[in-house]
Amino acid sequence: SLSSGSANFDKERPAKEAMDSSPDSTPTTASAMESASLSSGKEPAARGRHFFLATGDPSDGLYSAVWILVTIAFCGLSAGLGGATNGWELGLYAPLFSHAVQWLVCTLHAFPYQTEVYYDLTGSITYALLAVGTLSITAGRTRSVHARQLVATAFVLVWCTRLGSFLFQRIRRDSKDGRFDSLKPYFVAFFGTWNIQGAWCFLTGLAVWAANARDPAEQPAFGWLDGVGVCVWCVGFGIEVVADRQKAAWRALPSSKGRYIDVGLWRYSRHPNYFGEWLLWTGQFVLCASAFGSGDATGAFVGAGFLSAASPVFVYLLLNYVSGVPLLEKRSDERWGGEQVYLAYKQETYVFFLLPTRRTEASRPLL
């Protein structure tokens, strides 16, 4: 469930900085689970580890059952799309691997030691292994690779290396991520967050795994549509990197402590790094789309590869309606909702898409 890296956090900031809309807060992952935890009203046990929720609330059994059903549902979603897109014989390997990595790390290390230190790093490594693994299987079977497969795989490796290294440095510095506090004591909930990351990793990269599964000899030559995909990916990746660096520089200024950022790319989108994240995965799908043209019968039916369009759709919906934007906007409103300058910034600046917007004196940044 990769989400998807951005600005620097101090130890208290994950709970306080509402405008910290970084891809690692996505998705897929801990933020979504934090949302579920908050909605259930559950609090972590003071000490110990429990298989089911044990807050003392009469609804503990119900929420434990919900977590089990959510875990099963995400496994089924990954398996269903994997099998349909790449065929039932070949298509189940990648989702099984993506989920199994998370299961093992959670069961053998994260839950016993009550730590989320390797959560984001495990997700990034999963992306890399899926990219290299799906390409290697096809290369070993056909003794060839396509330029499209090489480029798409390289893009995944570049992206996950940048994000993974940043996130691991951050968690090493901060030692914990407060989003997990209400989840770690309960195996069904903590395991559920790791399982969702398995779905996130598989679903966001589905177009790449599907293109890598196709026989290179049956794919059309690298053409103009591939070029469009490359350009879209580069623009999205660039936006994500620039937005991250701008926020890091903003937070380094003493005068900006405790303030929201509304300069640079953040002047034209309240969450430009989320927008860049979605855009680069859209570019990946466009890049890989030519591999799914007429005559492609690798999946459960001809043209099944186009089901990987679920990748950018999944990222967009998750960021905008589940875990990313809603949580961060709620925190922002709680902290700055009484300020006219902030309300003007919200009114004049798009929440997600990076688009020109008219500015007024009321929304000039406080420096």
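Remember, predicted model here, so these are calculated numbers, not experimental data.

Draft legend 1. Region of interest: the environment of glycine 80. Secondary-structure assignment places glycine 80 in helix H3 (residues 60–86). Along the backbone, glycine 80 and proline 95 are 15 residues apart, and their C-alpha atoms lie at a distance of 9.3 Å.

Draft legend 2. Spotlight on unusual backbone geometry. The phi torsion at glutamine 114 lies on the positive side, around 50°, for a residue other than glycine. Its location among the elements puts glutamine 114 in the loop between helix H4 (93–113) and helix H5 (119–142). Backbone geometry places arginine 143, a non-glycine residue, at a positive phi of 60°. With respect to the helices and strands, arginine 143 occurs in the loop between H5 and helix H6 (147–174).

Draft legend 3. Structural context of the pattern of salt bridges. Under the defined criterion, the tally for this structure stands at 10 salt bridges. For aspartate 226, the salt bridge is made with arginine 148, and the minimal N-O distance between the two is 2.5 Å. One end of the pair, aspartate 226, is in helix H9 (residues 224–252); the other, arginine 148, is in helix H6, with 78 residues separating them in the sequence. Exposure class is identical for aspartate 226 and arginine 148. Each is buried. The salt bridge partner of lysine 346 is glutamate 329, with a shortest N-O separation of 3.7 Å. With lysine 346 in helix H13 (residues 340–348) and glutamate 329 in helix H12 (residues 325–336), the pair connects residues that are 17 residues apart, well separated along the chain.

Draft legend 4. Representation of H6 in the model. Taking 1.5 Å of rise per residue, 28 residues should cover 40 Å, and H6 covers 41 Å from first to last C-alpha, within 8% of that figure. Count one or two residues on from H6 and you reach serine 175, which has phi positive near 75°.

The rules we used
Residues numbered from 1 in each chain as written. Predicted model: local features only at pLDDT ≥ 70, side-chain atom pairs only at ≥ 80, totals over all residues. Heavy atoms only, no water. Helix = DSSP H or I, 4+ residues; strand = E, 2+ residues; numbered from the N terminus. Salt bridge = Lys/Arg side-chain N within 4 Å of Asp/Glu carboxyl O. Buried < 20%, exposed > 50% of the residue type's maximum accessible area, 1.4 Å probe, protein only. Expected span 1.5 Å × (residues − 1).

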